[in-house]
Number of protein chains: 2
Amino acid sequence: MKIVVLGAGNVGTQLSRALHEKGLGLCQIYNRHRDRAAALAAELGCPLTDDVQCLRQDADIYVCTLKDDVLDDVLRQIPIFGEGLWVHTSGSLPMTVFAPYTRHYGVLYPLQTFSRDRAVSFERIPLCLEASGRQEMQLLKPLACSLSSNVREMSSDQRAGMHLAAVFACNFVNACYAVAGDVMQQSELDFELLLPLIEETAAKVHRSLPDLAQTGPAVRGDRRIIDRHLSLLESWRQPLWADIYRQLSELIYTRHNGQI
Amino acid sequence: MKIVVLGAGNVGTQLSRALHEKGLGLCQIYNRHRDRAAALAAELGCPLTDDVQCLRQDADIYVCTLKDDVLDDVLRQIPIFGEGLWVHTSGSLPMTVFAPYTRHYGVLYPLQTFSRDRAVSFERIPLCLEASGRQEMQLLKPLACSLSSNVREMSSDQRAGMHLAAVFACNFVNACYAVAGDVMQQSELDFELLLPLIEETAAKVHRSLPDLAQTGPAVRGDRRIIDRHLSLLESWRQPLWADIYRQLSELIYTRHNGQI
């Protein structure tokens, strides 16, 4: 199997490493900015190009890890799509972005938050697959199963829903960590003190659903604490933090106690 | 050392177990509802009372794990405070709630989310201490250090700030997990699929501060995805989820890209 990875951002970097480590036939990396991918290509001993004209035409699978708004630009410039399978790794793009160019296409969406410099094992990452036909799925699925033990087929609509869920479970969670860190700083305390709490909060939902794990003033409807917290936030001139506090508290209260 | 624990809710249960396991002299449990604490008292082989008149008067430390709004009620009914040290475990109550009753008081606030039926090790939990005097701290600190290796002295103001930070880092994070779970359900997908993402999101901030770990459409300013997510939420008639999505996205965007 010959695999070309397009894009050497967070996802592209981690995926290229995983393909390389598992010996799965990574044979070329494409990146618009050659210099940003040079270290990765050197690390993996893999040919690198920044010119779509130089893409290998004999690969079995082309994995596009490019940003959503870049993907279409790049696709438009590709001279020949050939018989290879083209997949992207986006949570939000429909599979059909490839339809104007080729019949052989699909999606390989890893549900994870990637950073360029933080190694992650693909073994447990849910890989969400979609393909334009049975033959395409038969090529994509074994590759996915070589990378992860958690492979699922799902529709574009399901994937879009999952991507939205991931925004809450990851991006917004991290934003809450960030605000918590700022609040600690206001009180001259280290962010580090919060880590056991952050761990346990994440660990709890491995055993029971979030609604059973909910604690805090909002679920108890403890107006006195809520009001004190809001006036603290307002005294720091953080109206957006206060608004977010108010709305998340309302959400928690109404989930657990019905309408206010 | 003789210790009385007042309250057998989530904190009281876990703290009593920890005191018992470490052989730290737990000698009585008080709970307003005798039946709710009976199983715990039996498990620990510890005398139980539901009558403040029957509180032991010779204990060295009284640890009040009662709800904030119950504590003062109970304190008012206690006939004799004696020479023991009285502490509470609340993140939000000032230390001085005890001042009308005794000179020997303080706070032992464990920064963690407790459930009655989920065992937690106190070993790494930050225990935040405050005491009315040096003598009181000299009694409280060794007890705290026997329970945890992460013991800090802090003021009531710092503890209030920390409690607010904990609401963001735990309660609001869990609320985001809950919404994510509902979004998964809307897409006929299991919550479980999100667990590797939840784990990694929590793990990331052990290595770098949250701002460096931020990913997703909001930090990239990807309007197209944000708008699609908002219309999905609105199509599900979830205006509160949409408002929270909008505000957390604005928070993330402005943190990373300056004012909109």
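Computed from a prediction, not measured in an experiment: that's the story for all the values here.

So, the overall build of chain A
- In terms of helices and strands, chain A carries ten helices and eight strands.
- Over its C-alpha atoms, taken along the principal directions, chain A stretches across nearly 65 × 35 × 30 Å.

With respect to the relation of the copies chain A and chain B
- In screw terms, the move from chain A to chain B is a rotation of 180° and a rise of 0.0 Å along the axis, fitting with an RMSD of 0.0 Å. Those values place the two copies in the arrangement expected of a two-fold rotation axis. Closest approach to the rotation axis among the C-alpha atoms of chain A is made by Val173(A), whose C-alpha sits 2.5 Å away.
- Interface overlap between copies: 100% of the residues of chain A at the interface are likewise at the interface in chain B, consistent with a symmetric, same-surface contact.

With respect to helix H4 (residues 134–147) of chain B
Residues and elements named next belong to chain B.
- Over its 14 residues, H4 runs 20 Å from end to end, which matches the ideal 20 Å to within 8%, given 1.5 Å per residue.
- Restricting attention to buried positions, one finds in H4 the residues Glu 136, Leu 140, Leu 143, Ala 144 and Leu 147.
- Residues of H4 that are buried in the fold lie against helix H1 (10–21), strand S4 (61–64), strand S5 (85–88), strand S6 (105–110), strand S7 (127–131) and strand S8 (151–153).

What about the domain arrangement of chain A?
Residue and element names in this part refer to chain A.
- Assigned domains of chain A: these are domain 1 (3–154) and domain 2 (160–257).
- Contacts between domain 1 and domain 2 engage five residues on the former and five residues on the latter.
- Split by residue class, the side of domain 1 that touches domain 2 holds two nonpolar, three polar and no charged.

Comments concerning the nonpolar core
- Judged by nonpolar contacts, the single largest core of 170 residues is most densely connected at Ala169(A), Cys176(A), Ala169(B) and Cys176(B).
- Apart from residues no more than four positions distant in its own chain, Ala169(A) is found in contact with Cys176(B), Tyr177(B), Ala180(B), Leu194(B), Leu197(B) and Ile198(B).

Let's talk about the interface of chain A and chain B
- Across the contact, 76 residues belong to chain A and 76 residues belong to chain B.
- Of all the secondary-structure elements, those providing two or more residues to the side of chain A that touches chain B are helix H5 (156–186), helix H6 (195–204), helix H7 (210–213), helix H8 (217–220), helix H9 (223–235) and helix H10 (239–257) of chain A.
- Among the elements that take part in the side of chain A that touches chain B, H5(A) stands out by supplying 25 residues, more than any other.
- Classifying every residue of the side of chain A that touches chain B gives 45 nonpolar, 18 polar and 13 charged.

Some words on the sheet that holds strand S5 (residues 85–88) of chain A
Residue and element names in this part refer to chain A.
- Reading across from one edge, S3-S2-S1-S4-S5-S6-S7-S8 is the order of the eight strands in this open sheet, with mixed pairing throughout. Two strands bound the open sheet, and with one partner strand each, they are strand S3 (48–49) and strand S8 (151–153).
- Looking at chain direction, S5 and strand S6 (residues 105–110) are connected through three bridges and run parallel. Each residue of the ladder has a partner; that of Val 87, found in S6, is Gly 106.
- Strands in contact with H5 are S6 and strand S7 (127–131); relative to S7, the strand with the most contacts, it is inclined by about 155°.

A look at the pairing of S7(B)
All names here are of chain B.
- With respect to burial, S7 is a largely interior element, five of its five residues being buried.
- On S7, burial covers both faces: Leu 127, Leu 129 and Ala 131 on one face and Cys 128 and Glu 130 on the other are all buried.
- Two strands pair when backbone bridges link them, and S7 and S8 are joined in this way by three bridges, in the parallel orientation. By the bridge assignment for S8, Leu 129 is matched with Glu 153.

Side note on the packing of H10(A) against helix H5 (residues 156–186) of chain B
- Closest axis-to-axis distance for the H10(A)/H5(B) pair is 10 Å, and the angle between their directions is 65°. Remark: the crossing between H10(A) and H5(B) carries left-handed chirality. Contacts between H10(A) and H5(B) involve Leu248(A), Leu251(A), Ile252(A) and Arg255(A) on the former and, on the latter, Asn171(B), Phe172(B), Ala175(B) and Ala178(B).
- Within the contact of H10(A) with H5(B), the residues separate by chemical class into six nonpolar, one polar and one charged.

Some details on the sheet that holds strand S1 (residues 3–6) of chain B
Residue and element names in this part refer to chain B.
- Read across the open sheet, the eight strands follow the order S3-S2-S1-S4-S5-S6-S7-S8; overall the sheet is mixed. Across the chains shown, the open sheet's two edge strands, defined by having one partner strand only, are strand S3 (48–49) and S8.
- Contacts between H5 and the sheet are confined to S6 and S7, with S7 contributing the most and set at about 155° to the helix.

Notes on unusual backbone geometry
- A positive phi angle is found at Glu188(A), which is not glycine, with a value near 55°.
- A positive phi angle is found at Arg237(B), which is not glycine, with a value near 55°.
- Under the C-beta neighbour-count criterion, Arg237(B) is labelled exposed, with 8 such atoms within 10 Å.

Re the environment of Gly7(B)
Residues and elements named next belong to chain B.
- Inspection of the secondary structure puts Gly 7 in the loop between S1 and H1.
- For the pair Gly 7 and Arg 32, spaced 25 residues apart in the sequence, the C-alpha separation amounts to 7.5 Å.
- Excluding residues within four positions of it along the chain, Gly 7 makes contact with Gly 12, Asn 31, Cys 64, Thr 65 and Leu 66.

Regarding the pairing of strand S1 (residues 3–6) of chain A
Residues and elements named next belong to chain A.
- Side chains of S1 alternate between two faces, with Ile 3 and Val 5 and Val 4 and Leu 6 buried alike.
- Handedness of the crossover joining S1 and strand S2 (residues 26–30) through helix H1 (residues 10–21): right-handed.
- Sheet topology places S1 next to strand S4 (residues 61–64); four bridges connect them, and they run parallel. Across the sheet, Val 4 pairs through a bridge with Tyr 62, a residue of S4.

Conventions used here
- Residues numbered from 1 in each chain as written.
- Chains lettered and ligands numbered in written order.
- Predicted model: local features only at pLDDT ≥ 70, side-chain atom pairs only at ≥ 80, totals over all residues.
- Helix = DSSP H or I, 4+ residues; strand = E, 2+ residues; numbered from the N terminus.
- Least-squares fit on C-alpha atoms with pLDDT ≥ 70 in both.
- Contact = placed C-beta atoms within 7 Å.
- Expected span 1.5 Å × (residues − 1).
- Buried ≥ 20, exposed ≤ 12 C-beta atoms within 10 Å, placed from the backbone.
- Domains from an automatic or database assignment.
- Nonpolar A, V, L, I, M, F, W, Y, C, P; charged D, E, K, R; others polar.
- Core = buried A, V, L, I, M, F, W, Y, C linked by C-beta atoms within 7 Å.
- Pairing = 2+ DSSP bridges.
- Axes fitted to C-alpha atoms, helices over the stretch in contact; angles between N-to-C directions.
- Left-handed = near helix turned anticlockwise from the far one by under 90°.
- Right-handed = clockwise from strand over helix to strand, strands pointing away.

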